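Topology and contacts: notes
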Amino acid sequence: MKFLTVILMCFSIQMTIAQQKQIVRISEIEIYPEYLSEYKSILKTEAEASVRLEAGVVSIFPMFQKEDATQIRILEIYADEDAYKSHIASPHFQHYKTTTLKMVKSLKLVDMSAIDLETMNKIFKKEMKTENKSEDILTFELSDKVTREKVSYRNRYGINIAADLYLPKEMDINKKHPAIIVGTPYGGVKEQGAGIYAQSMAERGFVAIAFDESYNGESGGNPRRISSPEIFVEDFSATVDYIGTRPFVDRNKIGVIGICGSGGFSISAAQVDRRIKAVATVSMYDMSRVKSEGFKGSLTTEARNKYLDQIGEQRWKEFEGGKVIMNELPRKIDEHTDPISREFFEYYRVPRGFHPNATTEFSMTSDFSFMNFPLMDNIKTISPRPILFIIGEHAHSRYFSEDAYKMASEPKELYIVPNAGHVDLYDRTDIIPFDKLNGFFNEYLK
């Protein structure tokens, strides 16, 4: 085939032995004519998202034959095997795969090797160096007072948890130090706000670690973008397992900071995991409460039952290979966008807080678990270990912390940050009360 000869000579890439191994292949696809227009639209969206969001995707370049538009060819180049595995597990690829399954008449994958590597690397400017991978992008500047190390460990379900370990640069590793575990906002990743908190606590002398929840970010677990209260709570205890076995950590001095949704998960973990000696929440969301009751109790019994029926129907569809439905933050906002969605959009969807691993989407069917899993029923049992609730004066989520404060036993404290909203406490280091957190943990992790 003339087309295949050109591709073989001009577009295939194979990394040298000294470089990471790239995967290069041609996807030869034939589409049923009646689906051609719909398929091309879905493929175009998937290709754009893959190259934009995934650092390990060098090329997803779709083409069709001029003589027969149903004959699609896609040049696919991935940095390495891990990048390819990450790609096929991504939500946008899974959406493409499930929605186009019935449209594809035939599919053949042809693995390729380069003839002229040097010229091809000039054509494809997206060079895959480790330091440029999306997971190494921080939304904040790394401090020269700390060291940051990527680490991993498994939770009790066998899922690999990816984390960033922050240490004071001048720390004496021959001594034992108190440690702080930081959980991400719901839908966020460790390279955003959680990393800011971990770094700031490390600057103040603590060993600190920020982690990605199972099924999200760099952590393992398939299918991707699952949200599970049971497993997210377990991830805190798994991190206690890891950090408490480091030779430079005093396992009797471990505290946690839970931001947004992780605030509820950290409290739930502390209710049973007495190795956690102090808990601080920031802009806390009780995800089980908001899922089962709606915002400020707005979900009626009728509406709740209707949504549960929708989830049940969706489970049947997905079991039979149908499209996975995601609950996610809007991709665009306008004058009709509600204030809460707008606030989150103006963090996650703009350069301020954008990270390609933080898609802020979870499967709709995950909500079954949240609507049946109260997170804070045993909050009183955390006492005599302390809880510090930090919330912005103008935060829409303020009531979660105020109600949890009332439920908790002493010692407890509710700290209001003046003139701050919910998302302000993710990354605005000028108003985040780090000195308050420092004093709290210094007092209770003695």
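Residues numbered from 1 in each chain as written. Predicted model: local features only at pLDDT ≥ 70, side-chain atom pairs only at ≥ 80, totals over all residues. Heavy atoms only, no water.

Here the focus is empty space enclosed by the protein. Evaluated as defined, the whole model comprises 1 cavity of 30 Å³ or more. Each pocket or cavity is described by its volume, and for the largest cavity that value is around 40 Å³. Looking at the largest cavity, the residues that line it are Thr 184, Pro 185, Tyr 186, Gly 187, Gly 188, Glu 213, Asn 216, Arg 225, Phe 232 and Phe 362. Per-class residue counts for the lining of the largest cavity are 4 nonpolar, 4 polar and 2 charged. (1 Å grid on protein atoms, 1.4 Å probe; cavity = no way out; pocket = protein on both sides within 12 Å on 5 of 7 lines; lining within 4 Å. Points joined across faces, edges and corners; volume = space filled by probe spheres on them. Nonpolar A, V, L, I, M, F, W, Y, C, P; charged D, E, K, R; others polar.)

The nonpolar side chains of soluble globular proteins are, as a tendency, buried together. If you look at the biggest cluster of nonpolar residues, it comprises 91 residues, and the most contacted ones within it are Tyr 197, Ile 243, Ile 257, Leu 437 and Phe 441. With 8 residues, helix H7 (residues 229–243) is the largest single contributor of residues to this core. Those residues in contact with Leu 437 that lie beyond four places of it in its chain are Tyr 197, Met 201, Ile 257, Ala 280, Leu 388 and Ile 390. Residues Ile 31, Ile 72, Phe 93 and Tyr 96 belong to the second largest nonpolar core, which totals 19 residues. (Core = buried A, V, L, I, M, F, W, Y, C linked by side-chain atoms within 4.5 Å. Buried < 20%, exposed > 50% of the residue type's maximum accessible area, 1.4 Å probe, protein only. Helix = DSSP H or I, 4+ residues; strand = E, 2+ residues; numbered from the N terminus. Contact = heavy atoms within 4.5 Å.)

A few words now on the pairing of strand E8 (residues 207–211). Where a strand is regular, its side chains alternate between the two sheet faces. Counting buried positions over the 5 residues of E8 gives 5, a clear majority of the element. In E8, alternate side chains face the same way, and those of Val 207, Ile 209 and Phe 211 on one face and Ala 208 and Ala 210 on the other are all buried. Note that strand E6 (residues 160–168) and E8 share 4 bridges and pair antiparallel. Bridging across to E8, Tyr 166 finds its partner in Ala 208. One ladder, built from 5 bridges, connects strand E7 (residues 177–183) with E8; its direction is parallel. Across the sheet, residue Ile 180 finds its bridge partner in E8, namely Ala 208. The β-α-β motif built from E7, the intervening helix H6 (residues 193–203) and the parallel element E8 has right-handed crossover chirality. (Pairing = 2+ DSSP bridges. Right-handed = clockwise from strand over helix to strand, strands pointing away.)

Across the sheet, 8 strands lie side by side as E5-E6-E8-E7-E9-E10-E13-E14; this open sheet has mixed pairing. Where the open sheet ends on each side, the last strands, each with one partner, are strand E5 (146–154) and strand E14 (412–417). With strand direction ignored, the average angle separating the axes of adjacent strands in the sheet is 20°. Contacting strand E13 (387–392) and E14, helix H13 (residues 398–407) crosses the sheet at an angle of about 160° to E14. Packed on one face of the sheet, helix H15 (residues 434–444) meets E7, strand E9 (249–259), strand E10 (276–282), E13 and E14 and runs near 165° to E10. (Axes fitted to C-alpha atoms, helices over the stretch in contact; angles between N-to-C directions.)

Moving on, we come to H15. Turning to H15, its buried residues number three or more, namely Phe 434, Leu 437, Asn 438, Phe 440 and Phe 441. Relative to the axis of H15, the buried residues are bounded by an arc of 165° and lie together on one face. (Arc of directions from axis to C-beta.)

This paragraph deals with the pattern of salt bridges. Going through the model one piece at a time under the given rule, you end up with 24 salt bridges. Between Asp 367 and Lys 291 there is a salt bridge, with the nearest N and O atoms lying 3.1 Å from each other. Here Asp 367, found in helix H12 (residues 367–370), pairs with Lys 291, found in helix H9 (residues 287–293); they are 76 residues apart in sequence, far enough to count as distant. Lys 291 matches Asp 367 in its accessibility class, with the two residues each being buried. (Salt bridge = Lys/Arg side-chain N within 4 Å of Asp/Glu carboxyl O.)

On to the confidence of the model for the chain, then. Here the chain averages 90 in pLDDT, and 91% of its residues register 70 or above. The low-confidence segment residues 1–20 (pLDDT under 50) makes 48 contacts with residues lying over four places distant or belonging to another chain. Low pLDDT, under 50, characterises residues 127–135; the predicted model gives this stretch 24 contacts beyond four residues in sequence or across chains. (pLDDT = per-residue confidence, 0-100.)

A word on the packing of H7 against helix H8 (residues 261–272). In the contact formed by H7 and H8, the axes pass within 8 Å of each other and the chain directions differ by 70°. As the angle between them shows, H7 and H8 are arranged roughly perpendicular. Listed contacts from H8 to Pro 229, Phe 232, Val 233 and Phe 236 of H7 are Ser 262, Phe 265, Ser 266, Ser 268 and Ala 269. Of the residues assigned to the contact of H7 with H8, the class counts are 6 nonpolar, 3 polar and no charged. (Parallel < 35°, antiparallel > 145°, perpendicular 65-115°, else oblique.)

The next point concerns the pairing of E6. Buried residues dominate E6, accounting for 8 of its 9 residues. Bridge count for E5 against E6 is 9 bridges, and the pairing is antiparallel. Within the sheet, the bridge partner assigned to Arg 154 lies in E6 and is Asn 160. Linkage of E5 to E6, two consecutive antiparallel strands, is achieved through a turn of 5 residues, within which Gly 158 is found at a positive phi near 85°.

What follows deals with the side chain of Thr 184. Relative to the helices and strands, Thr 184 is located in the loop between E7 and H6. We classify Thr 184 as buried; its relative accessible area is 0%. At 3.4 Å, the side chain of Thr 184 and the backbone oxygen of Gly 188 are in polar contact. Setting aside its immediate chain neighbours within four residues, Thr 184 contacts Val 189, Lys 190, Ala 194, Phe 211, Asp 212, Glu 213, Ile 259 and Ser 262. (Polar contact = N/O pair within 3.5 Å; in protein donor to acceptor, adjacent residues only side chain to side chain.)

Each pair of packed helices gets described by two things: the angle between the helix axes and the distance between those axes. Running from N to C, H6 and H15 cross one another at 60°; their axes reach a closest spacing of 11 Å. Classified by the angle their axes make, H6 and H15 are oblique. As H6 packs across H15, the resulting crossing turns out to be right-handed. Residues Ile 196, Tyr 197, Ser 200 and Met 201 of H6 lie in contact with H15, whose contacting residues are Phe 434, Leu 437, Asn 438 and Phe 441. Tallied by class, residues from the contact of H6 with H15 come to 6 nonpolar, 2 polar and no charged. (Left-handed = near helix turned anticlockwise from the far one by under 90°.)

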